[in-house]
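Each chain, written out:
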Amino acid sequence: MPSLKDLRTRISSVKATQKITKAMQMVAAAKLRRAQAAAEAARPYALRMNSVLVNLAESVMGTPAAPKLLSGTGSDKTHLLIVCTAERGLCGAFNSSIARLAREKALALMAEGKVVKIICVGKKGNDLLKRQFAKEIIEFVDLRSVRYIGFENADQIGRSIIARFENGEFDVATLFYARFKSVIQQFPTALQIVPAVVPVKDKSAGASAAYEYEPDETTILASLLPRNISMQVFSALLENAASEQGARMSAMDSATRNAGDMIKKQTIKYNRQRQANITKELIEIISGAEAL
Amino acid sequence: MAGFAFELVSPEKLLFSGDVEEVVIPGTEGDFAVLKDHAPVISALRPGVLSYKDSKGDKQTLFVRGGFADVSSVGLIVLAELAVPVADMTDVLFDAEVKLASDELQAAQSEDSRRLAAERLAQIETLRGTIRH
């Protein structure tokens, strides 16, 4: 049986922990608002870019002039996995679920005899994957010093991906991140970015075939596709940031609740123990008096 | 004069959305103005000054780099990697632009891309001169 003093220290330590988790939850909530606003602000650009891309892709698709970033290299021997995770932990299953998705994909590809290369964006993903895939990880992008992700950060990653593609280092690139749905729902997602997946255009959008291009289609496409990759990395990072804060918020919320439960239980235990001690002392006094 | 829908978006945010009368765009093949009912065009942008006249007739100017202008029947959409109001262009920002352009010049492999990069650098330098005064 723990003594009263032990119980008291345990209760106060749980109380301190609860204060910390409560504070972390509130910080995450504030950061989430900002991250969500950033993710939403980036959406129009991605949307417009996509519509331009659809228009252009339609006209060059299938022709020999189609750039490799769009049509692919013609093989799928080497796969590049870009795994975007958070820089910090204590956010529930957020990091591990992204890493798990990437790991499953990597193992499936390796079982098929394909070559897998991994770029880790974010420290946690690197930590989770480096033991198993030490040979496969070719680059680790550290965004620790970055407070709010700007387009430049994504652009750097995008450029390095394109440089590798042009060197023929991989054939297919897939981006792993968590799509933000709500505070309690984030979906780990795999998105293929090279060769670009062009959504099928709905016919109702109207006639757009009569576009004039300046300079010409292939030149525009050649500069649009790399930008599109940077943009996709950027929106993945933003979605990730929002998801991370959402995951942390709900993780810290349940941690605060658990701490509350524990305090309640420990307090009851403490009160019982105290009462038992008093009763014991009383019995000792009374039985001592009776013996006289 | 009737206006048309114009949107200026950068990756970070939607900078402008609304009706305008006229937009002058720095295209790779030269500046061009877009009025209502312009023929559909997709053009790449060079670093330069984009200006538009909003429905009140006020003229706004912005420095834009890297992107596209998409003119369609619905209106004009400009996607710019960077868009800063000219009034906010500081020396630091210009230095960054000049550095970017000269890096590109250094890295240029073919004759064509070197010429393009050199042109771009010169354009930024002249722009800097004109905005300053």
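Model, not experiment: these values are computed from the prediction.

Q: How would you summarise the overall build of chain B if you had to cite specific residues and measurements?
A: Each helix and strand counted, chain B has 2 helices and 7 strands in total. Mapped from its N terminus to its C terminus, chain B presents α and β elements in the order β-β-β-β-β-β-β-α-α. At 15 Å, chain B has a C-alpha radius of gyration in line with the 14 Å of a compact globule built from 133 residues. Principal-axis analysis of the C-alpha atoms places the extent of chain B at approximately 45 × 30 × 25 Å.

Q: Quick rundown of the sheet that holds strand E4 (residues 172-180) of chain A? Include the residues and the values.
A: Residues and elements named next belong to chain A. With mixed pairing, 5 strands are arranged side by side in an open sheet as E3-E2-E1-E4-E5. Each having just a single partner strand, strand E3 (137-141) and strand E5 (186-194) make up the two edges of the open sheet. Taking each pair of neighbouring strands and ignoring which way they run, the sheet shows an average axis angle of 20°. Of the pairings in the sheet, the one linking strand E2 (residues 115-121) to E3 comprises 4 bridges and is parallel in character. Within the sheet, the bridge partner assigned to Cys120 lies in E3 and is Phe140.

Q: Just give me the short version of the interface of chain B and chain A, but keep the residues and values in it.
A: As a measure of interface size, the accessible area lost when the parts come together is often cited. Taken together, the contacts link 22 residues of chain B with 21 residues of chain A. Sorting the residues of the side of chain B that touches chain A by element identifies strand E2 (14-27), strand E4 (41-44), strand E6 (59-72) and strand E7 (75-85) of chain B as the ones contributing at least two each. Considering every element that reaches the side of chain B that touches chain A, the biggest residue donor is E4(B), with 4 residues. Grouping the amino acids of the side of chain B that touches chain A by side-chain chemistry returns 11 nonpolar, 6 polar and 5 charged. Across 3 bridges, the pairing between strand E6 (residues 212-214) of chain A and E4(B) is parallel. Opposite Tyr213(A), over in E4(B), you have Ile42(B) as the bridge partner.

Q: Describe the nonpolar core, listing the residues and the values that go with them.
A: The tendency in soluble globular proteins is for nonpolar side chains to be buried side by side. If you look at the biggest cluster of nonpolar residues, it comprises 92 residues, and the most contacted ones within it are Ile82(A) and Val83(A). The dominant element in this core, judged by the number of residues it contributes, is helix H6 (residues 217-291) of chain A, at 17 residues.

Q: So what about the pairing of E4(A)? Which residues, and what values?
A: Residue and element names in this part refer to chain A. With 7 of 9 residues buried, E4 lies mostly within the body of the structure. Inspection of the sheet shows strand E1 (residues 78-84) paired to E4 by 5 bridges, in the parallel sense. Bridge assignment links Ile82 to a residue of E4, and that residue is Leu175. With antiparallel pairing between neighbouring strands as the criterion, E4 and E5 make up a hairpin whose turn holds 5 residues.

Q: So what's going on with the environment of Leu175(A)? Residues and values would help.
A: Topologically, Leu175(A) is positioned in strand E4. When near neighbours in sequence (up to four residues on either side) are disregarded, Leu175(A) contacts Ile82(A), Cys84(A), Leu191(A), Ile193(A), Gln232(A), Val233(A) and Ala236(A).

Q: Summarise the packing of helix H5 (residues 151-166) of chain A against H6(A); cite the residues concerned and give the values.
A: Residue and element names in this part refer to chain A. For the pair H5 and H6, interaxial distance at closest approach is 8 Å and the crossing angle is 130°. Taken together, the axes of H5 and H6 lie oblique to each other. As for the relative orientation of H5 and H6, their crossing is right-handed in sense. Across the interface between the two elements, Phe151, Ala154, Asp155, Ile157, Gly158, Ile161 and Ile162 from H5 touch Pro226, Ile229, Ser230, Val233, Phe234 and Leu237 from H6. In the contact of H5 with H6, the residues fall into 10 nonpolar, 2 polar and 1 charged.

Q: Could you give an account of helix H3 (residues 94-111) of chain A, with specific residues and numbers?
A: Since one α-helical turn is 3.6 residues long, residues separated by three or four positions face the same way. Residue and element names in this part refer to chain A. The end-to-end C-alpha distance of H3 is 26 Å, a good match for the 26 Å that 18 residues give at a rise of 1.5 Å each. By the burial criterion, the buried members of H3 are Phe94, Asn95, Ile98, Ala99, Ala102 and Ala106. When H3 is viewed along its axis, its buried side chains cluster within an angular range of 110° and face the same direction. Turned more than 90 degrees off the buried face of H3, the exposed positions are Glu104, Ala108 and Ala111. On its buried face, H3 is in contact with E1, E2, helix H4 (123-129), E4, E5 and H6.

Q: Mind laying out the pairing of strand E1 (residues 4-9) of chain B, listing which residues take part and the relevant values?
A: Residue and element names in this part refer to chain B. For E1 and E2, the ladder comprises 6 bridges, and the chain directions are antiparallel. Within E2, the residue paired with Phe4 across the bridge is Val20. Adjacent in sequence and paired antiparallel, E1 and E2 are bridged by 4 residues.

Q: Just give me the short version of the domain arrangement of chain B, but keep the residues and values in it.
A: Residue and element names in this part refer to chain B. If you check the domain split of chain B, you get domain 1 (4-86) and domain 2 (89-131). Just the C-alpha atoms count here: the centres of domain 1 and domain 2 sit 21 Å apart. Contacts between the two partners involve 8 residues from domain 1, matched on the other side by 8 residues from domain 2. Only strand E5 (48-54) and E6 provide two or more residues apiece to the side of domain 1 that touches domain 2. For the side of domain 1 that touches domain 2, a count of residues per class yields 5 nonpolar, 1 polar and 2 charged.

Q: Could you give an account of the confidence of the model for chain B, naming the residues involved and the relevant values?
A: Residues and elements named next belong to chain B. Confidence in the prediction of chain B, expressed as mean pLDDT, is 82, and 96% of residues score 70 or more. Averaged pLDDT values for the elements of chain B fall to 75 in helix H2 (residues 111-132) and rise to 90 in E1. Overall fold confidence for the complex sits at a pTM of 0.84, while the interface term, ipTM, reaches 0.76.

Q: Any chance you could break down unusual backbone geometry for me, citing the residues and the numbers?
A: With an omega of -10°, the peptide bond between Val194(A) and Pro195(A) qualifies as cis. Along the polypeptide, Pro195(A) turns up in the loop between E5 and E6. Unlike most non-glycine residues, Leu90(A) shows phi in positive territory, near 55°. When you line up the elements, Leu90(A) lands in the loop between E1 and H3. The class for Leu90(A) is partly exposed, based on 15 C-beta atoms found within 10 Å. Residues other than glycine seldom take positive phi values, yet Asp37(B) does so here, at roughly 60°. Structurally, the position occupied by Asp37(B) is in the loop between strand E3 (30-34) and E4.

Conventions adopted
Residues numbered from 1 in each chain as written. Chains lettered and ligands numbered in written order. Predicted model: local features only at pLDDT ≥ 70, side-chain atom pairs only at ≥ 80, totals over all residues. Helix = DSSP H or I, 4+ residues; strand = E, 2+ residues; numbered from the N terminus. Rg over C-alpha atoms; globule rule 2.2 N^0.38 Å. Pairing = 2+ DSSP bridges. Axes fitted to C-alpha atoms, helices over the stretch in contact; angles between N-to-C directions. Contact = placed C-beta atoms within 7 Å. Nonpolar A, V, L, I, M, F, W, Y, C, P; charged D, E, K, R; others polar. Core = buried A, V, L, I, M, F, W, Y, C linked by C-beta atoms within 7 Å. Buried ≥ 20, exposed ≤ 12 C-beta atoms within 10 Å, placed from the backbone. Parallel < 35°, antiparallel > 145°, perpendicular 65-115°, else oblique. Left-handed = near helix turned anticlockwise from the far one by under 90°. Expected span 1.5 Å × (residues − 1). Arc of directions from axis to C-beta. Domains from an automatic or database assignment. pLDDT = per-residue confidence, 0-100.

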